Each structure stands twice: as structure tokens, then as C-alpha cells.
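So the chains spell out like this:
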Amino acid sequence: MSSVLRVDADGAVTVLPWPDDLVQQGLLIRAGVGGQADTGAYHRRAVLHVHGNGQGEGLPMNLAAWVLACVWREVELPYGLYGVAVVTGPQSRGLDSDLAAEVRAVCKAVADVRVEWQYRPPAGEASARAELLAAARHAWQTLRTSAI
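Residues numbered from 1 in each chain as written. Predicted model: local features only at pLDDT ≥ 70, side-chain atom pairs only at ≥ 80, totals over all residues. Heavy atoms only, no water.

Glancing now at the side chain of D8. Structurally, D8 is set in the loop between β1 (2-7) and β2 (13-18). On the accessibility criterion, D8 (17% relative accessible area) is buried. Apart from residues lying up to four places away in sequence, D8 is in contact with N62 and V84. (Helix = DSSP H or I, 4+ residues; strand = E, 2+ residues; numbered from the N terminus. Buried < 20%, exposed > 50% of the residue type's maximum accessible area, 1.4 Å probe, protein only. Contact = heavy atoms within 4.5 Å.)

Okay, here's the thing in C-alpha cells:
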């Protein structure tokens, strides 16, 4: 059995066992995001599943998932991702270990910046987004460079 990752709205990352059965996979994703899931392909080897109506239901923005999607797409997305996210491989596969490492590295970078903000708040929303993306891109590039 392979595994996938759950990224909570607070940025915590949890490994989930990925069943072989397609029905069980769907149930795991639905339970993971807390309802009907929307999927996004932000990386050719990964799928990001988020709550289908997270913003409408008042779920918190998932900064770590948003930053991850931005880093993978190499663009600042103009919309947020809300609630818990589940990251899987494409076509009902588990997540490859190198992509799992990328998810963890980006989520850690986001968490580190958020800790810094307790002592040094960002100047505004635009600078906060820029700081998060810069830290995540640095962590992502460092990880990719060290893997070569």
C-alpha cells in the first residue's frame, strides 16, 4: 500500500495510507477534506484535492496548500484554497517520495514564516504573500538542487 499526504489548514502534514481500491480512495479523500472534493492539477505528477465549497462554508484558508500550488505552477494563484487538502499522485496512484518531500519542505517553510510573523508581522497582504512564496520557493529549489 502506498501513501498520500494530508495538509491541514494550519500547515501540519500527515501521511495517510493509500488503499488500492478506488471506492476506498474516494472515501479517504472525501473524509480527508471533509466533504465533496474538487481536484487541481498543479503538478504533472500530483493532484491536490480540496473541499469543493470550503470558502462558502467558512473553512480557513490553507496557506500551505495555496503556496504549494503556486510553487508548483510557478505563478501566484489569484484564488485561495480552503480547508484540508489531500495530495495524491495522478490517476489514483500514491504520491512519489520526491513529491512528498517537496510537500513537506514547502509546508515547513510556510510554517516557519508564520512563526516569524508572531514576532514580526508582515507589512500587508501583498508583502505576506511575497514572503511566503519566496521562502517556499527557496525551500523547494534547495530540495531539488540537493537531490541532483
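Turning to the nonpolar core, a few remarks are in order. By size, the foremost hydrophobic cluster in this structure holds 34 residues, and its most contacted members are V67, W72, V87, L95 and V103. Mapped by element, the contributors of at least two residues to this core are β1, β4 (46-51), α2 (63-73), β5 (85-88), α3 (97-117) and α4 (125-147). Ranked by residues supplied to this core, first place goes to α2 with ten residues. Here V103 is in contact with L5, V7, L68, W72, V87 and L95, once residues within four sequence places are set aside. Core analysis: the second largest hydrophobic core is formed by seven residues, V4, L28, I29 and V33 among them. (Core = buried A, V, L, I, M, F, W, Y, C linked by side-chain atoms within 4.5 Å.)

The next thing to look at is α3. Between its first and last C-alpha atoms α3 spans 30 Å; for 21 residues at 1.5 Å apiece the expected length is 30 Å, and the two agree. Of the residues making up α3, those classed as buried are L99, A100, E102, V103, A105, V106, C107, A109, V110, V113 and W117. (Expected span 1.5 Å × (residues − 1).)

A word on the side chain of H49. The residue H49 is located in strand β4 in this model. Among the residues examined, H49 registers a relative accessible area of 7% and is labelled buried. There is a polar contact of 3.0 Å between the side chain of H49 and the side chain of T88. Discounting residues that sit within four places of it in the chain, H49 has contacts with I29, V33, A37, D38, T39, V84, A85, V86 and T88. (Polar contact = N/O pair within 3.5 Å; in protein donor to acceptor, adjacent residues only side chain to side chain.)

All quantities given are derived from atomic positions and should not be read as evidence of function.
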